[in-house]
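Here is what each chain is made of, one letter per residue.
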Amino acid sequence: MISLLGVEKTYQRGANQVHALRGLDLEIASSEFTIIMGPSGSGKSTLLHLVGCLDTPSAGQILFEGTDLVQLSSTQRAEFRRRRIGFIFQRFNQIPNLSAQENVELPLLLSGAPRRQAHEQARSALRQVGLAERSSHRPSELSGGELQRVTVARALVNNPDAILADEPTGNLDMETGDQVISMLRHLKDEGRACIVVTHNPELAIPGDSLVYVRDGKRVDSLFREEKGRH
Ligand SMILES: Nc1ncnc2c1ncn2[C@@H]1O[C@H](COP(=O)(O)OP(=O)(O)OP(=O)(O)O)[C@@H](O)[C@H]1O
Ligand SMILES: [Mg+2]
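Residues numbered from 1 in each chain as written. Chains lettered and ligands numbered in written order. Predicted model: local features only at pLDDT ≥ 70, side-chain atom pairs only at ≥ 80, totals over all residues.

**Side note on the sheet that holds strand β6 (residues 85-89)**
Then, in step 1: Here we have 6 strands laid out as an open sheet, ordered β6-β7-β8-β3-β9-β10, and mixed in their pairing. Edge positions in the open sheet fall to β6 and β10 (217-219), since each of these has one partner strand only. Mean inter-strand twist for the sheet, computed between neighbouring axes without regard to direction, equals 25 degrees.
Then, in step 2: Bridge analysis of strand β3 (residues 33-37) against strand β9 (residues 209-214) gives 4 bridges, and the strand direction is parallel. Note that in β9 the partner of M37 across the bridge is Y212.
Then, in step 3: Lying over the sheet, helix α1 (residues 44-51) contacts β3, β7 (162-166), β8 (193-197) and β9, oriented at roughly 155 degrees with respect to β8.
Then, in step 4: Against the sheet, helix α6 (residues 174-189) touches β3, β7 and β8, its axis set at about 150 degrees to β8. (Pairing = 2+ DSSP bridges. Helix = DSSP H or I, 4+ residues; strand = E, 2+ residues; numbered from the N terminus. Axes fitted to C-alpha atoms, helices over the stretch in contact; angles between N-to-C directions. Contact = placed C-beta atoms within 7 Å.)

**Re the site of ligand 1**
Then, in step 1: Near ligand 1 you find Y11, R13, V18, A20, G38, S40, G41, S42, G43, K44, S45 and T46, and these make up its full shell.
Then, in step 2: Put simply, the parts of the chain that give the shell around ligand 1 at least two residues each are β1 (2-13), β2 (16-28) and α1.
Then, in step 3: Here the element with the most residues in the shell around ligand 1 is α1; it accounts for 3 residues.
Then, in step 4: Considering only residue class, the shell around ligand 1 consists of 3 nonpolar, 7 polar and 2 charged. (Near = placed C-beta within 6 Å. Nonpolar A, V, L, I, M, F, W, Y, C, P; charged D, E, K, R; others polar.)

**Topic: the environment of E8**
Then, in step 1: Within the element layout of this structure, E8 appears in strand β1.
Then, in step 2: Spatially, the C-alpha atom of E8 lies 5.8 Å from that of P57, the residues being 49 residues apart in sequence.
Then, in step 3: Setting aside anything within four residues of it in sequence, one finds E8 in contact with L21, R22, G23, P57, S58, A59 and G60.

Dropping the structure here:
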């Protein structure tokens, strides 16, 4: 279970402040598929960064299976991130001169796993996303959809409790996008929370938990309020 209570995030840019999150409350059960939608700039990526321990909130509380993330030291946060979280962020691209196998192994090696174990786990993650045959290909030798599946494999390789995905289907055609999403959906059957930020309402199916964010707060719907009514 992940809970956010009154979470605020204010970025300081010189003399200006940007209030990216303004008191957000949210509960996410393990084994839930959560879809987050909202206009550009509403704070969705900021939310994923905070839950993924890439950044800390300016106010409020984030509990992750009982651990208060705000109380962790920066070393503990890094450790937490490596062990418990899988990221699928478009800006965390693959390293061009490493093969798919090596790209997936990398987070394990960085967190100190023995080489042989990293190799086996990466192989099995690539098998899970159907890319065993492509493991020696470099990023430039893979299709866009295959590349995104390598990113999914890399997010899965440390056996995380939660997968955080920021527009994972952004550059993909509909069919490949659907494949990536159904791969992610399977994860909830393994008891992992999966939080997906997307602009595409068609990704949602009955049973998903839908969260709408506007202006840094949770709202009940994204329909515009009628203006001028009294
Ligand atoms: N590091 C930062 N420093 C200053 N302002 C930031 C920073 N990161 C984000 N912001 C601002 O915070 C607000 C929320 O940004 P965020 O990236 O969370 O939006 P988003 O909902 O993910 O938008 P999009 O759908 O366009 O990806 C935006 O106004 C953005 O300009
Ligand atoms: Mg974003």
